[in-house]
Amino acid sequence: DAGVIQSPRHEVTEMGQEVTLRCKPISGHDYLFWYRQTMMRGLELLIYFNNNVPIDDSGMPEDRFSAKMPNASFSTLKIQPSEPRDSAVYFCASSFAGYGYTFGSGTRLTVV
Amino acid sequence: AQTVTQSQPEMSVQEAETVTLSCTYDTSESDYYLFWYKQPPSRQMILVIRQEAYKQQNATENRFSVNFQKAAKSFSLKISDSQLGDAAMYFCAYRSYNTDKLIFGTGTRLQVFP
């Protein structure tokens, strides 16, 4: 198994641009999570899905952030427009029955 | 709401020695899971060990073991025979039976000296 695959690994963008982060969960996993990691706030859960349905998006910072899971093998996290304070490492994780979590390698986003 | 506290921002240990990382949590639930994750400089989050709250026996994975004190809401990680490759950030995490969210502590940076 290739694990949870995230792309891109690094992203540098200018303020105001749209950014799309991608995640492919482990086949057979029914939960998908998006986390953000910063020095100031640590690891924060942004949103999670169960069977492609968003369950809890209370961690999404504001309307500039949106996440979709059109099918069981793909999810996106979009920021539009991006701001410098969005700079962070974004992790995707998947699990089966919410038990064992496997994380991707993360996307380091830098907004200049 | 549940919270996880790691009071040691940094710890250090000599190679081959033993070190213990502390974690406390706050919850009103009786059933839950606890985890320790390792994050090396590669930033990959790696599961180290997992404990179910209903199990009294402390979990062990090779050189890693936990001291789970349910009444005290404490979940410390002991690393025996420390190796240079153990140097990383270590995160304690909590997950209740009722939700699927993993709540993390702020992490402890572990340095291992030869």
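Up top you'll find the structure we're talking about.
Residues numbered from 1 in each chain as written. Chains lettered and ligands numbered in written order. Predicted model: local features only at pLDDT ≥ 70, side-chain atom pairs only at ≥ 80, totals over all residues. Heavy atoms only, no water.

Looking now at the overall build of chain B. The secondary structure content of chain B amounts to zero helices and 12 strands. Counting from the amino terminus, chain B carries its helices and strands in the arrangement β-β-β-β-β-β-β-β-β-β-β-β. Here the C-alpha atoms of chain B give a radius of gyration of 14 Å, agreeing with the 13 Å that 2.2 N^0.38 yields for 114 residues. Projected onto its principal axes, the C-alpha coordinates of chain B cover approximately 45 × 25 × 20 Å. Residues counted as buried form 49% of the 114 residues belonging to chain B. A sequence separation of at least 24 residues applies to 55% of the contacts in chain B between residues at least 6 apart. Charged side chains in chain B number 11 positive and 11 negative. The centres of these two groups are separated by 4 Å. (Helix = DSSP H or I, 4+ residues; strand = E, 2+ residues; numbered from the N terminus. Rg over C-alpha atoms; globule rule 2.2 N^0.38 Å. Buried < 20%, exposed > 50% of the residue type's maximum accessible area, 1.4 Å probe, protein only. Contact = heavy atoms within 4.5 Å. Lys, Arg positive; Asp, Glu negative; His and termini not counted. Charge placed at Lys NZ, Arg CZ, Asp CG, Glu CD.)

Another point: the state of the cysteines. Covalently bonding the sulfur atom of one cysteine to the sulfur atom of another cysteine gives a disulfide. Residue and element names in this part refer to chain A. Per the stated rule, a full pass over the model turns up two disulfides over all chains. Shown here is the disulfide that connects cysteine 23 with cysteine 92, its sulfur atoms set 1.9 Å apart. The chirality of the disulfide connecting cysteine 23 with cysteine 92 is left-handed, given an S-S dihedral of about -65°. Pair noted here: cysteine 23 is in strand 3 (residues 19-24) and cysteine 92 is in strand 9 (residues 88-96), with a separation of 69 residues, a long-range link. (Disulfide = S-S within 2.5 Å.)

Going through the model one piece at a time under the given rule, you end up with 21 aromatic pairs over all chains. On the basis of an interplanar angle of 70° and a centroid distance of 6.1 Å, the ring pair of A:Phe103 and B:Phe104 is categorised as edge-to-face. With A:Phe103 in strand 10 (residues 100-103) and B:Phe104 in strand 11 (residues 103-104), this pair bridges two chains. Side by side, A:Phe103 and B:Phe104 carry an identical accessibility label, which is buried. (Phe/Tyr/Trp six-rings, centres within 6.5 Å; stacked < 30°, edge-to-face > 60°.)

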